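# Chains, contacts and geometry: an overview
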Amino acid sequence: MSEQLIEMQDNAGVVRLTINRPQALNALNSEVIAGLETVLVELEARDDLRAVLITGAGEKSFVAGADIAEMKDQTPEQARAFAGQALRTIKRLETLPVPVVALVNGFCLGGGCELALACDWAVASDNAVFGQPEVLLGVIPGFGGTQRLPRRVGPAMALDLVTTGRKIDAQEALSIGLVNRVMSQAELEDYVGELTRQLGGNGPQAVRGAKQAVHDGMDQDLDSALALETSLFALCFAGEEQQEGMSAFVEKRKPNF
Ligand code: DAK
């Protein structure tokens, strides 16, 4: 039942996930979150996975936040459990071993913005609207926004957004580094198709290693992080991919990964 709320399309290891609850602007209720977690557990185990794209159904909304109607009467214990389920799921998305791209169409608010923050890339349509409006509802972000937002855009801008609850347009989101690219709705699909083809066509172990180095290194001091990079770099030479990539260069042909 819950899986139907998450649609999955697979094209040679490039997986597109669509949060499919357009009647509520794809708001995250516990059923959507459970469905997403089920799919992510499946993806974690796949060696052939190359890239993941996550989006919301329809052109109006990526995700308009956590489900306010579901949260309204929660006790502190229920709120803690709800946040725990969402945090665990968002962490699974963030730690998938391949690049994860958020395709943001329309509203990207509250829990939606927190979901996008866990992705490696965010590509937004020019009608996208971002924000952490939780304070307007008498709560604070509960799905990681107070922690991932300052790490992405810096503490001053994060405090601006989480304490005012103001919404920003796609251009402002681009200017503060919340998203990588902004384009018209019409251009979005072609661009994302090309991006995922590019990500999917690169050396898969190298792409995984690069993601791991950036993610794990960010939590370490510089010397430890550089040592991690060296280990992962050396590991590249233990597989066939490096041979193929470098041989292809020398032989003036395209590598076949
Ligand atoms: N939750 C539930 N339903 C939602 C929703 C949401 N976040 N956003 C929209 N909907 C539903 C609307 O109720 C409406 O349903 P019907 O009335 O048709 O049944 C339908 O989607 C269409 O929405 P509108 O009629 O409002 O559409 P408009 O174009 O007029 O307005 C809007 C679009 C995005 C500006 C508006 O819907 C809106 O302001 N939505 C709420 C946005 C928001 O405040 N998002 C943040 C949610 S709070 C925590 C855990 C989590 C969180 C915090 C703490 N703990 C456990 C500690 C995180 C909280 C959030 O994410």
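Provided above is the structure to which this section pertains.
Just so it is clear, the model here is predicted, and its values are computed rather than measured.

## A short note on the packing of helix α1 (residues 30–44) against helix α3 (residues 76–94)
Where α1 meets α3, the closest approach of the two axes is 9 Å, and the angle between their N-to-C directions is 30 degrees. Viewed along their axes, α1 and α3 adopt a mutual orientation that is roughly parallel. Two packed elements cross with a definite hand, and for α1 against α3 that hand is left-handed. Contacts between α1 and α3 pair S30, I33, A34, L36, E37, L40, V41 and E44 from the former with F82, Q85, A86, R88, T89, R92 and L93 from the latter. Its residues assigned to classes, the contact of α1 with α3 comprises 8 nonpolar, 3 polar and 4 charged.

## Here's the deal with the packing of helix α9 (residues 204–218) against helix α10 (residues 222–236)
Interhelical geometry of α9 versus α10 gives an angle of 165 degrees and a closest axis separation of 9 Å. By the angle between their axes, α9 is roughly antiparallel relative to α10. Crossing hand, α9 versus α10: right-handed. Contacts from G209, Q212, A213, D216 and G217 in α9 reach A225, L228 and L232 in α10.

## Quick look at the layout of surface pockets
The calculated volume of the largest pocket comes to roughly 1200 Å³. Every residue lining the largest pocket is counted, 41 residues in all, and those nearest its centre are A210, K211, Q212, V214 and H215. Counting only elements with at least two residues in the lining of the largest pocket, the list comes to α3, α5 (145–153), α9, α10 and α11 (240–250). At 12 residues, α9 tops the list of elements feeding residues into the lining of the largest pocket. A per-class count over the lining of the largest pocket returns 20 nonpolar, 9 polar and 12 charged. What the second largest pocket holds in volume is close to 480 Å³. Per-element accounting of the lining of the second largest pocket gives the leading share, 3 residues, to α3. Looking at the lining of the second largest pocket residue by residue, the classes come out as 14 nonpolar, 5 polar and 3 charged.

## Things to note about the pairing of strand β1 (residues 6–11)
Summarising the sheet, β1 and strand β2 (residues 14–19) pair through 6 bridges and their orientation is antiparallel. Directly across from D10, in β2, lies its bridge partner V15. Connecting β1 to the next strand, β2, in antiparallel fashion are 2 residues, including A12 with a positive phi near 55 degrees.

## Some details on the site of the ligand
Taken together, 23 residues form the shell around the ligand, and within it K60, A64, A66, A79 and G111 come nearest. Measuring from an oxygen atom of the ligand, one finds a backbone N or O atom of A66 at 2.8 Å. Contact distances for the ligand include 2.8 Å between an oxygen atom and a backbone N or O atom of G111. Isolated, the ligand exposes 1100 Å² of accessible area, and the fraction of that covered by the protein chains is 63%. For the shell around the ligand, the secondary-structure elements that each account for two or more residues are α2 (68–71), α3 and β6 (107–109).

Parameters and conventions
- Residues numbered from 1 in each chain as written.
- Predicted model: local features only at pLDDT ≥ 70, side-chain atom pairs only at ≥ 80, totals over all residues.
- Heavy atoms only, no water.
- Axes fitted to C-alpha atoms, helices over the stretch in contact; angles between N-to-C directions.
- Helix = DSSP H or I, 4+ residues; strand = E, 2+ residues; numbered from the N terminus.
- Parallel < 35°, antiparallel > 145°, perpendicular 65-115°, else oblique.
- Left-handed = near helix turned anticlockwise from the far one by under 90°.
- Contact = heavy atoms within 4.5 Å.
- Nonpolar A, V, L, I, M, F, W, Y, C, P; charged D, E, K, R; others polar.
- 1 Å grid on protein atoms, 1.4 Å probe; cavity = no way out; pocket = protein on both sides within 12 Å on 5 of 7 lines; lining within 4 Å.
- Points joined across faces, edges and corners; volume = space filled by probe spheres on them.
- Pairing = 2+ DSSP bridges.
- Near = heavy atom within 4 Å.
- Polar contact = N/O pair within 3.5 Å; in protein donor to acceptor, adjacent residues only side chain to side chain.
- Areas by Shrake-Rupley, 256 points an atom, 1.4 Å probe, with all protein chains shown as cover.

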